[in-house]
Amino acid sequence: RVLTFFFFKQKTAYEISACLVGSEMCIRDRTYTEEMVALHFGQGWDICWHNNWKQREVLPTENQFLQMVSHKTGVLARMSTKLAGIVLNLDQQTIQKLSQFAETIGVAFQIQDDILNLEGEEYVATKGFYGEDIHEGKASLIVVHCLNNANNTDKERLYEILAMRTKDQNLINEAI
């Protein structure tokens, strides 16, 4: 309730008291707040892993990475679906099912984006090269999978290339 107050400073005393008894406005505000907290957790995990995995201190599992993507990318689709369901007065079970489906679409979108980054012609057209994520040293699901399953030689080489932040297409192709 305190978080809701801080996020929505324009509330009147009536609106705040209505929030205490479970009004639609309170449900929307609480949903927005909870989903934004989840989004920030996802972003925090991503930053932590991005800043530490190259030192080999923290390497997420594929399931942990997918959970982060769910919180970072999937939450946007999930939140908009939940809010639409609340406004439309849908029952809680329908809202839950639709929001889980929307979250899955958000995660699938991120995975597709990671794949296209490595082989999509549109990336070459806009960026001038494949593998921008490799160039930026990002830990995509594909990179996490490789680092968790590759032999030590390939793993070390991938770490080296990612740490270079190179635009050399030959090195990026080697990583891919």
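All values derive from a computational prediction rather than experimental measurement.

Draft legend 1. Region of interest: helix H5 (residues 92-119). For H5, with 28 residues, the first-to-last C-alpha span of 41 Å sits near the 40 Å given by 1.5 Å per residue. Here H5 starts with a cap whose side-chain oxygen sits 3.2 Å from the backbone nitrogen of Gln93, and that cap is Asp91.

Draft legend 2. Up close: the packing of aromatic side chains. Under the definition given, this model contains two aromatic pairs. Ring centres of Trp45 and Trp49 lie 6.3 Å apart, and the angle between their planes is 20 degrees; on these two criteria the pair is classed as stacked. Of this pair, Trp45 and Trp49 both sit in helix H3 (residues 24-52), four residues apart, roughly one helical turn. A residue is classified by how much of its surface remains accessible, and Trp49, at 10% relative accessible area, is buried. Aromatic side chains Trp49 and Phe65 sit 6.4 Å apart centroid to centroid with 20 degrees between the ring planes, which places their arrangement in the stacked category. You can see Trp49 sitting in helix H3 and its partner Phe65 sitting in helix H4 (residues 62-87), a full 16 residues away along the chain. Residue classification places Phe65 among the buried residues on the basis of a relative accessible area of 5%. Taken together through their ring pairs, the aromatic side chains of Trp45, Trp49 and Phe65 make up a single cluster.

Draft legend 3. The packing of H4 against H5, seen in detail. Where H4 meets H5, the axes come as close as 7 Å, and the angle between the chain directions of the two elements is 140 degrees. Taken together, the axes of H4 and H5 lie oblique to each other. The two elements H4 and H5 meet at a crossing, and its hand is right-handed. Contact with H4, carried on its side by Leu66, Val69, Ser70, Thr73, Gly74, Ala77, Arg78, Thr81, Lys82, Gly85 and Ile86, involves Ile95, Leu98, Ser99, Ala102, Glu103, Gly106, Val107, Phe109, Gln110 and Ile111 of H5 and no other residues of that element. Among the residues forming the contact of H4 with H5, the class breakdown is ten nonpolar, eight polar and three charged.

Draft legend 4. Local environment of the layout of surface pockets. A volume near 260 Å³ is recorded for the largest pocket. Those elements giving two or more residues to the lining of the largest pocket turn out to be H3, H4 and H5. Looking at which element gives the most residues to the lining of the largest pocket, the answer is H4, with five residues. A breakdown of the residues in the lining of the largest pocket according to their chemical character gives four nonpolar, four polar and six charged.

Draft legend 5. Geometry of the nonpolar core. Counting residues in each nonpolar core, the largest one holds eleven residues, listed as Leu118, Phe129, Ile134, Val143, Leu147, Leu158, Tyr159, Ile161, Leu162, Ile172 and Ala175. Of all the secondary-structure elements, those providing two or more residues to this core are helix H8 (141-149), helix H9 (152-164) and helix H10 (169-175). Here the element with the most residues in this core is H9; it accounts for four residues. What Ile172 contacts, discounting residues up to four positions off in sequence, is Phe129, Tyr130, Gly131, Ile134, His135, Thr166 and Lys167. In this structure, Trp49, Val107, Leu141 and Val144 belong to the second largest nonpolar core, which totals eight residues.

Conventions and cut-offs
- Residues numbered from 1 in each chain as written.
- Predicted model: local features only at pLDDT ≥ 70, side-chain atom pairs only at ≥ 80, totals over all residues.
- Heavy atoms only, no water.
- Helix = DSSP H or I, 4+ residues; strand = E, 2+ residues; numbered from the N terminus.
- Expected span 1.5 Å × (residues − 1).
- Polar contact = N/O pair within 3.5 Å; in protein donor to acceptor, adjacent residues only side chain to side chain.
- Phe/Tyr/Trp six-rings, centres within 6.5 Å; stacked < 30°, edge-to-face > 60°.
- Buried < 20%, exposed > 50% of the residue type's maximum accessible area, 1.4 Å probe, protein only.
- Axes fitted to C-alpha atoms, helices over the stretch in contact; angles between N-to-C directions.
- Parallel < 35°, antiparallel > 145°, perpendicular 65-115°, else oblique.
- Left-handed = near helix turned anticlockwise from the far one by under 90°.
- Contact = heavy atoms within 4.5 Å.
- Nonpolar A, V, L, I, M, F, W, Y, C, P; charged D, E, K, R; others polar.
- 1 Å grid on protein atoms, 1.4 Å probe; cavity = no way out; pocket = protein on both sides within 12 Å on 5 of 7 lines; lining within 4 Å.
- Points joined across faces, edges and corners; volume = space filled by probe spheres on them.
- Core = buried A, V, L, I, M, F, W, Y, C linked by side-chain atoms within 4.5 Å.

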